[in-house]
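Close look at the chain arrangement
For reference, the chains in residue letters:
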Amino acid sequence: MHRSAPRLTRILACAAVPVMLVVAGCSSDSAGDSKKDPSSSSASSSDVQKPATVAPAKYSKLPEPCKTISAKTIEQLVPKTKVKSGTAGKSTDIANRGSCSWNGLDDNGVKGSQYRWLDVSFLRYESESSLGISGEKRAEDSYAKEISKAKSVEGAKKVRSSPAAGLGEAATAVGYDLEKTGEDFTYATVVARTGNVVITLTYNGTGYAGAKSPSASDLMKDAVTASKEAVASVTAANK
């Protein structure tokens, strides 16, 4: 019994050697894995795309719509104006949208009468950093949509369009004829973009009691003149 004790000790010692090697091997693999973790996490973090940097919108506010066209111009374009100060359109977001209109009837009795309507509207767009879209790009998209709307008025006849020079970064003039209330109206619409703001001005009129309807070219010329004042008012409001 006493002689078997040393032998048993030797057997246990030999049996322990493979176990230690296995443990050492596992420890080595674990160490190797831990060395790889930082590099793999670094690689995954580099794959995450950061949001594109978008420049702030050029204009931070809109002018008061009813003060964008001078009193002198209103008097010339809309004789006998009912409300000389203009009628402001309703808006729940005056920082980004607004409008104003004027109308008047110059009654000359048996010689006929001339009716005129002038309307101007403003749309302002902020930059969307989360989407990577600038205010200017959003305004460009809106500008195209406003032109499309002006060209596709229901019942419009003889629709014509052309570039309008000297109005912001881009401008388009759209003219057409439209029959309503039993009379033939002539329309002139100017859509312009300056920075992140889109301006749409519509000027129309007709002759009553035998009076001739206004000339399409004269009407458009006056619409462009008024549009220049509207565009300039945006810059003035942001100084």
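This text follows the structure it describes.
Residues numbered from 1 in each chain as written. Predicted model: local features only at pLDDT ≥ 70, side-chain atom pairs only at ≥ 80, totals over all residues. Heavy atoms only, no water.

1. As for the overall build of the protein chain
- Within the protein chain, the regular secondary structure consists of four helices and seven strands.
- Across the protein chain, helices and strands are ordered from the amino to the carboxyl terminus as α-α-β-β-β-α-β-β-β-β-α.
- Taken over 239 residues, the protein chain has a buried fraction of 36%.
- Of all intrachain contacts in the protein chain linking residues separated by at least 6 positions in sequence, the fraction that spans at least 24 positions is 58%.
- Summed over all atoms, the accessible surface of the protein chain reaches about 14,700 Å², with 56% contributed by carbon and sulfur. (Helix = DSSP H or I, 4+ residues; strand = E, 2+ residues; numbered from the N terminus. Buried < 20%, exposed > 50% of the residue type's maximum accessible area, 1.4 Å probe, protein only. Contact = heavy atoms within 4.5 Å. Areas by Shrake-Rupley, 256 points an atom, 1.4 Å probe, with all protein chains shown as cover.)

2. Observations concerning the packing of aromatic side chains
- Applying the stated criterion across every chain yields a total of three aromatic pairs.
- For the ring pair Y115 and F185, a centre distance of 6.2 Å and an interplane angle of 80° mean the geometry is edge-to-face. Taken together, the residues span a long stretch of sequence, with Y115 in strand β3 (residues 113-124) and F185 in strand β6 (residues 183-194) at a distance of 70 residues.
- A relative accessible area of 17% means that Y115 is categorised as buried.
- Residue F185 is classed as buried on the basis of its relative accessible area of 3%.
- Summarising the aromatic geometry, the rings of Y176 and Y187 are spaced 4.9 Å apart at their centres and angled 10° between planes, so their arrangement reads as stacked. On the criterion of sequence distance, the pair formed by Y176 in strand β5 (residues 170-180) and Y187 in strand β6 is long-range, its members being eleven residues apart. The residues Y176 and Y187 share a single accessibility class, namely buried.
- Within the aromatic cluster, the residues linked to one another by ring pairs are Y115, F185 and Y208. (Phe/Tyr/Trp six-rings, centres within 6.5 Å; stacked < 30°, edge-to-face > 60°.)

3. Looking at the pairing of β3
- Alignment of strand β2 (residues 97-107) against β3, held across eleven bridges, turns out to be antiparallel. Residue pairing in the sheet places D107 in a bridge with S113 of β3.
- The turn linking β2 back onto β3 is made up of five residues, and G109 within it adopts a positive phi angle of 60°.
- Two elements, β3 and strand β7 (residues 197-208), share twelve bridges in a ladder whose sense is antiparallel. Its bridge partner lying in β7, F122 is registered against I199. (Pairing = 2+ DSSP bridges.)

4. Looking at helix α3 (residues 135-151)
- For α3, built from 17 residues, the straight-helix expectation of 24 Å at 1.5 Å per residue is met to within 8% by its first-to-last C-alpha distance of 25 Å.
- Of all the residues in α3, the buried ones are G135, A139, S142, Y143, E146, I147 and A150. In a view along the axis of α3, the buried residues occupy a sector of 145°, so they form one face of it. (Expected span 1.5 Å × (residues − 1). Arc of directions from axis to C-beta.)

5. Quick look at the pattern of salt bridges
- Under the criterion given, the structure shown has eight salt bridges.
- A salt bridge links R193 to E169; its shortest N-O distance comes to 4.0 Å. Of the two residues, R193 sits in strand β6 while E169 sits in the loop between β4 (157-163) and β5, which places them 24 residues apart along the sequence.
- Overlapping salt bridges bring together E140, E169 and R193 as one network. (Salt bridge = Lys/Arg side-chain N within 4 Å of Asp/Glu carboxyl O.)

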